[in-house]
Amino acid sequence: MSGAARVGARLAELGLTLPGVAAPVAAYVPAVRDGGHVWTSGQLPFVAGALPATGKVGADVTPEDAADLARVAALNALAAVGDVLAREDGTDPVTALDRVRRVVKVVGFVASDPGFGGQPAVVNGASLLLHDLLGDAGVHARSAVGVAVLPLDSPVEIELVVAVD
Amino acid sequence: MSGAARVGARLAELGLTLPGVAAPVAAYVPAVRDGGHVWTSGQLPFVAGALPATGKVGADVTPEDAADLARVAALNALAAVGDVLAREDGTDPVTALDRVRRVVKVVGFVASDPGFGGQPAVVNGASLLLHDLLGDAGVHARSAVGVAVLPLDSPVEIELVVAVD
Amino acid sequence: MSGAARVGARLAELGLTLPGVAAPVAAYVPAVRDGGHVWTSGQLPFVAGALPATGKVGADVTPEDAADLARVAALNALAAVGDVLAREDGTDPVTALDRVRRVVKVVGFVASDPGFGGQPAVVNGASLLLHDLLGDAGVHARSAVGVAVLPLDSPVEIELVVAVD
């Protein structure tokens, strides 16, 4: 990212607020910084601590709704990135996201009815958010996979590997 | 890899041609180089823009056919690696693959009938191709996983993390 | 890790023995060291060469038993890390594990009945083992995913990315 407070400005332009990050549990954490990279845990589309929808995409959840949930999960993943960086920097998560140099990889797991093959369109919700917020730095490699079931019967789960300054 | 044009020579010996790579879409790309690594997107076994087979391995697709598809998907993944490197180098994708120092990790997702546990033999199609083409540099860590369904009902999807010079 | 033979001491305190690692096959290996990281292959909960249980969690296998299996798979993954490092160092796998600086990422695949959403509690078996053995160095980012089926009908599969000195 170049320029000061770029991510904060884009969040405001997009009408988004970076969500809070749940307190780390003992044995694993929402994100780890290792050298020049941050790896996130798989993020669910929690909004204020609850899943807006549950079930399998193509059966219980429409692809369009699932794409919105993937967008939410990606925002939660960025919040986890910002949180771990802000703890180091003594800043805040939004400011800390200006350290993102490149989103390297996104894996999008989509809880899918076995007859549903539209995972790419679902994970696009995450991809487009990253591009919208981070511009060229948000353009990533990506895998979209349809799985049997996700934690708490979430329709989607998103994980990131991000290069940081 | 050591020696000049080694990958190109091996492709010829194996009777293989590196496929073209689809034009990048806006929000994600077939592969990202980040420092000394290239991470690919999950690659499907497209041949000339179409999937040779669809469905679940163990039900609609035999393990042997699926291994062939995993081999195709791995070749597509290498093409994505070569393409991103060639864009930097101003060379061509085959020549650029001589920059591959090591295939670090392969994840093979196999769309599987719930009663089918032969994912390793399927993903061997990818592993053997990488070894055949790259020799010791192609020997990798690997995860083979059976999933409910893949994009476009593809039987397999292969992603790579590759160390490059 | 700090201090001499720390992992060995903790293994003894926990009553654990690092299992042996199967001889590498030709095309892929249990773990690859690449620069300052070791990436493992997806590890199954083999005990003395056999799976203690098979089937889907939530149907054939209880979450509690599956958490135990995830713990076993994580120990096998650490054995793979120790093995690859010991081959370089000319030491033994337990001693070599003292080179682990941080467990960066854990992915836990759980073969799941489509109605089972308790993957996090299952993968906690792996997370807690890593924390128990490695302390702060074992605290990681993590994804827990429910898949249709795993190799040999294993209930769980665990892969690691570990930063090493």
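All of the points below concern the structure found in this document. (Residues numbered from 1 in each chain as written. Chains lettered and ligands numbered in written order. Predicted model: local features only at pLDDT ≥ 70, side-chain atom pairs only at ≥ 80, totals over all residues. Heavy atoms only, no water.)

**Considering the interface of chain A and chain B**
For step 1, the next point in the chain: In this assembly, 32 residues from chain A lie in contact with 22 residues from chain B.
For step 2, the next point in the chain: Of the roughly 1,900 Å² buried between chain A and chain B on both sides combined, carbon and sulfur atoms contribute 61%.
For step 3, the next point in the chain: Linking chain A with chain B are two salt bridges.
For step 4, the next point in the chain: Looking at the side of chain A that touches chain B, the elements with two or more residues in it are β2 (37-40), β3 (100-111), α4 (119-134), β4 (141-147) and β5 (156-164) of chain A.
For step 5, the next point in the chain: Considered class by class, the residues forming the side of chain A that touches chain B number 16 nonpolar, eleven polar and five charged. (Contact = heavy atoms within 4.5 Å. Buried area = accessible area lost by both parts, 1.4 Å probe. Salt bridge = Lys/Arg side-chain N within 4 Å of Asp/Glu carboxyl O. Helix = DSSP H or I, 4+ residues; strand = E, 2+ residues; numbered from the N terminus. Nonpolar A, V, L, I, M, F, W, Y, C, P; charged D, E, K, R; others polar.)

**Topic: the interface of chain A and chain C**
For step 1, the next point in the chain: Taken together, the contact pairs 22 residues of chain A with 32 residues of chain C.
For step 2, the next point in the chain: Here chain A meets chain C over a buried area of about 1,900 Å², counting both sides, of which 61% is carbon and sulfur.
For step 3, the next point in the chain: The tally of links between chain A and chain C comes to two salt bridges.
For step 4, the next point in the chain: Seen at the junction of chain A and chain C, the total is 14 residue pairs in polar contact (both at pLDDT 80 or more).
For step 5, the next point in the chain: Secondary structure elements with two or more residues in the side of chain A that touches chain C: β1 (31-34), β2 and β5 of chain A.
For step 6, the next point in the chain: Counting residues per element, the side of chain A that touches chain C draws most heavily on β1(A), which supplies three residues.
For step 7, the next point in the chain: Partitioned by chemical class, the residues of the side of chain A that touches chain C number 14 nonpolar, three polar and five charged. (Polar contact = N/O pair within 3.5 Å; in protein donor to acceptor, adjacent residues only side chain to side chain.)

**What about the relation of the copies chain A and chain B?**
For step 1, the next point in the chain: Structural alignment of chain A on chain B gives an RMSD of 0.0 Å, achieved by rotating through 120 degrees and translating 0.0 Å along the axis. As the rotation angle and translation indicate, the two copies are arranged about a three-fold axis.
For step 2, the next point in the chain: By residue overlap, the copies meet through two different surfaces: only 12% of the interface positions of chain A are interface positions in chain B. (Least-squares fit on C-alpha atoms with pLDDT ≥ 70 in both.)

**Observations regarding the packing of aromatic side chains**
For step 1, the next point in the chain: The final tally for this structure, using the stated rule, is three aromatic pairs over all chains.
For step 2, the next point in the chain: An aromatic cluster of three or more residues is present, and its members are Trp39(A), Trp39(B) and Trp39(C).
For step 3, the next point in the chain: The residue whose ring lies beneath Arg142(B) is Tyr28(C), and the NZ or CZ to ring-centre distance is 3.9 Å. (Phe/Tyr/Trp six-rings, centres within 6.5 Å; stacked < 30°, edge-to-face > 60°. Lys NZ or Arg CZ within 6 Å of the ring centre and 35° of its normal.)

**Points about the pattern of salt bridges**
For step 1, the next point in the chain: Evaluation of the coordinates by the stated rule reveals 30 salt bridges over all chains.
For step 2, the next point in the chain: The closest approach of N and O atoms between Asp89(A) and Arg99(A), which form a salt bridge, is 2.7 Å. Residue Asp89(A) is found in helix α2 (residues 63-89), and its partner Arg99(A) is found in the loop between α3 (93-96) and β3; the two are separated by ten residues along the sequence.
For step 3, the next point in the chain: Salt-bridge contacts for Arg101(B) lead to Asp165(B); the nearest nitrogen and oxygen are separated by 3.6 Å. Linking Arg101(B) in strand β3 (residues 100-111) with Asp165(B) in the segment after β5 (156-164), this pair joins segments that are 64 residues apart in sequence.

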